[in-house]
Amino acid sequence: MTSRRALKTPEDLAGAGLLDAQGVEAARQVADRYAVAVTPAMARLIDPSDPTDPIGLQFLPDLRELNITPQEREDPIGDGAHSPVKGVVHRYPDRVLLKAVHVCPVYCRFCFRREMVGPTGDGTLSAPELGQAFDYIRAHPEIWEVILTGGDPLVLSPRRLSEILGGLKDIPHVKIIRFHSRVPVVDPEAINEALIGALKDSGKVTYVALHANHPREMTQSARAACTRLVEAGIAMVSQTVLLKGINDDPKVLADLMRAFVEARVKPYYLHHPDLAPGTSHFRLDIAEGQRIVAALRGHVSGLCQPTYVLDIPGGYGKADIGRSAIRPLGEGCYSVSDFHGEEHSYPPKV
């Protein structure tokens, strides 16, 4: 049986052939500040001879992470400004984040919560802290959806997940539970009968939002894990971060979105990279992102179109930043661009 133990130190990565001696020394410096973990499923996809490998760039420590720009911030999307009790973020009226755990099976080098996650991060909520979170949710009848995130909630054992979902089960105004996770891609064997049973324990409508950034991540094992979830009645949507050097190419994005749809995962959000510390080498400008997203329109099925969003720094929420295809001309007339970029009048001129 192949080990599922993650590679968590520079020495582990070197032992797997993913880092040379120079890379180990650089990784040690990065690991002193940020958590490191690469699952075997992801390690097998990395080509260590290619410094531009899109899987390696996502997971292998890089000295550029120690370059902090003035615009970057420890809490780039402002979770703290909307946290009424520990572990809860109530930014939007009808939904809350429940950050029950702050560890992940892998640590993305561009993570927007990188100052909060990992073995030395904010930790797992204690029973009293979870109780306070449930009390808050129970006291706010406008909360229709609870989104379990963190960290990655699917690293929790089925027993622990059942306990958490049991706390939500009897809150009648909570109708939807969503899990944000990389597990179906980075550790697909973890999506087993026991875990799926736990996800359904609440009796609520359940979604899993799958985070993947490159079509190579959608292996046969990952697709099989998605099949197990979907055929158990769990709906799936996707989340992707638009990353320089990884997926900032219309063809790569099209291949990824098609892979999602083929696995019965509906493309949902394409995130512009957040201003997390040490991540400037992953960021492209918004105009370039808009150009890439526009190139998908018309050339790729409507099923494959994600919404391009920016989390406004400071906690102001998401904004749809996909370039509009329409602009007003005045007197009830508009100019509309087609997927070739050609302009048309609406209503048509007569």
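The rules behind the values
Counting from 1, residues in each chain are numbered in the order their sequence is written. For this predicted model, a pLDDT threshold of at least 70 governs which residues receive local features, and a threshold of 80 or more governs which side-chain atom pairs are given and counted, while totals over whole chains, interfaces and linings are taken from all residues. Only hydrogens and water are set aside; all other atoms, that is, all heavy atoms of the structure, feed into the side-chain values. Under the DSSP-based scheme used, a helix requires at least four consecutive residues in state H or I and a strand at least two consecutive residues in state E, with every element numbered from the N terminus. Atoms counted for the radius of gyration: C-alpha only. Globule rule: 2.2 Å times the number of residues to the power 0.38. Each residue is assigned to one of three classes by its accessible area relative to the maximum for its type, calculated with a 1.4 Å probe on protein chains only: buried under 20%, partly exposed between the two thresholds, exposed over 50%. Note on areas: these come from Shrake-Rupley sampling with a 1.4 Å probe, and a residue is covered only by the protein chains present in the view. Axis lines are fitted through C-alpha atoms, for helices just across the contact stretch, and the angle between N-to-C directions can take any value from 0 to 180 degrees. For classification purposes, angles smaller than 35 degrees are called roughly parallel, those larger than 145 roughly antiparallel, those between 65 and 115 roughly perpendicular, and all remaining angles oblique. In this scheme, a crossing is called left-handed if the near helix is turned counterclockwise away from the far one by less than a right angle; it is called right-handed if the turn is clockwise. The contact definition used throughout considers only heavy atoms, calling two residues in contact when any of these lie within 4.5 Å. Throughout this entry, Asp, Glu, Lys and Arg are counted as charged residues, while Ala, Val, Leu, Ile, Met, Phe, Trp, Tyr, Cys and Pro are counted as nonpolar. The remaining residues, Gly among them, count as polar. Whether two strands pair comes down to DSSP finding at least two bridges between them. We count a salt bridge whenever a side-chain nitrogen from Lys or Arg sits within 4 Å of a carboxyl oxygen from Asp or Glu. Residue count minus one, scaled by 1.5 Å, sets the expected span of a helix. To be clear, the arc concerns the directions from the helix axis to the C-beta atoms.

(A) Summary view of the overall build of the chain. Of regular secondary structure, the chain possesses eleven helices and twelve strands. For a compact globule of 350 residues, the expected C-alpha radius of gyration is about 20 Å, and the chain comes in at 21 Å, within 12% of that figure. Structurally, the chain occupies a C-alpha span of about 70 × 55 × 40 Å along its principal axes. Expressed as a percentage of the 350 residues in the chain, the buried residues total 51%. If you sum the accessible surface of the chain, you get close to 15900 Å²; carbon and sulfur atoms cover 54% of it.

(B) View of the packing of helix α10 (residues 250-262) against helix α11 (residues 286-296). Following both chains from N to C, one finds α10 and α11 inclined at 55 degrees, their axes separated by 9 Å at the closest point. In terms of axis orientation, α10 runs oblique to α11. The chirality of how α10 crosses α11 is right-handed. Residues P250, L253 and A254 of α10 form the contact with α11, whose participating residues are I292, A295 and L296. Taken together, the residues that form the contact of α10 with α11 break down as six nonpolar, no polar and no charged.

(C) Inspection of the sheet that holds strand β11 (residues 333-337) at higher detail. What the three strands build is an open sheet, ordered β10-β11-β12; its pairing is antiparallel. Each edge of the open sheet carries a strand with a single partner, namely β10 (326-330) and β12 (343-346). With direction set aside, neighbouring strand axes in the sheet form an average angle of 30 degrees. In this structure, β10 lies alongside β11, joined through four bridges in antiparallel fashion.

(D) Quick look at the pattern of salt bridges. Counted according to the given criterion, the structure contains 26 salt bridges. Two residues, E65 and R109, come together in a salt bridge whose shortest N-O distance is 2.9 Å. Of the two residues, E65 sits in the loop between α4 (54-59) and β1 (88-92) while R109 sits in the loop between β2 (95-99) and α5 (127-138), which places them 44 residues apart along the sequence. For the pair E65 and R109, one class covers both residues: buried. Bridged by salt links that share partners, the residues D79, R91, K99 and R113 form one connected network.

(E) Representation of helix α6 (residues 158-169). Across its twelve residues, α6 extends 16 Å between first and last C-alpha, which sits within 8% of the 16 Å expected from 1.5 Å per residue. Among all positions in α6, only R160, L161, I164, L165, G167 and L168 are buried. In a view along the axis of α6, the buried residues occupy a sector of 145 degrees, so they form one face of it. Looking at the buried side of α6, the elements it contacts are β2, α5, β3 (145-149), β4 (176-181) and α8 (193-199).

(F) Molecular detail of the sheet that holds β1. The strand order across the open sheet formed by nine strands is β1-β2-β3-β4-β5-β6-β7-β8-β9, and the pairing between neighbours is mixed. The open sheet terminates on both sides in strands that have one partner only, identified here as β1 and β9 (318-320). For this sheet the average axis-to-axis angle between neighbouring strands, irrespective of direction, equals 25 degrees. Where β4 lies against strand β5 (residues 205-211), six bridges are found, and the strand directions are parallel. Bridging from a neighbouring strand, I177 pairs with T206 of β5.

(G) Expanded view of the packing of α5 against α6. It is at 9 Å that the axes of α5 and α6 come closest, and there the two elements cross at 30 degrees. Between α5 and α6, the angle falls in the class roughly parallel. Here α5 and α6 pass one another in a crossing that is right-handed. Two secondary-structure elements touch here, α5 through L130, F134, I137 and R138 and α6 through R160, I164, G167 and L168. For the contact of α5 with α6, the class distribution of residues is five nonpolar, one polar and two charged.

(H) Representation of helix α9 (residues 220-231) in the model. Here α9 spans 16 Å end to end across twelve residues, near enough to the 16 Å set by a 1.5 Å rise per residue. Within the sequence span of α9, burial applies to A222, A225, C226, L229 and V230. Down the axis of α9, the buried set is contained in an arc of 135 degrees. They therefore lie on one face. Summarising the geometry of α9, the exposed residues directed more than 90 degrees from the buried face are Q220 and E231. Where α9 is buried, its residues contact α7 (183-186), α8, β5 and β6 (235-241). Two residues or fewer past α9, G233 is found with a positive phi of approximately 95 degrees.

Just geometry here; none of it tells us what the structure is for.
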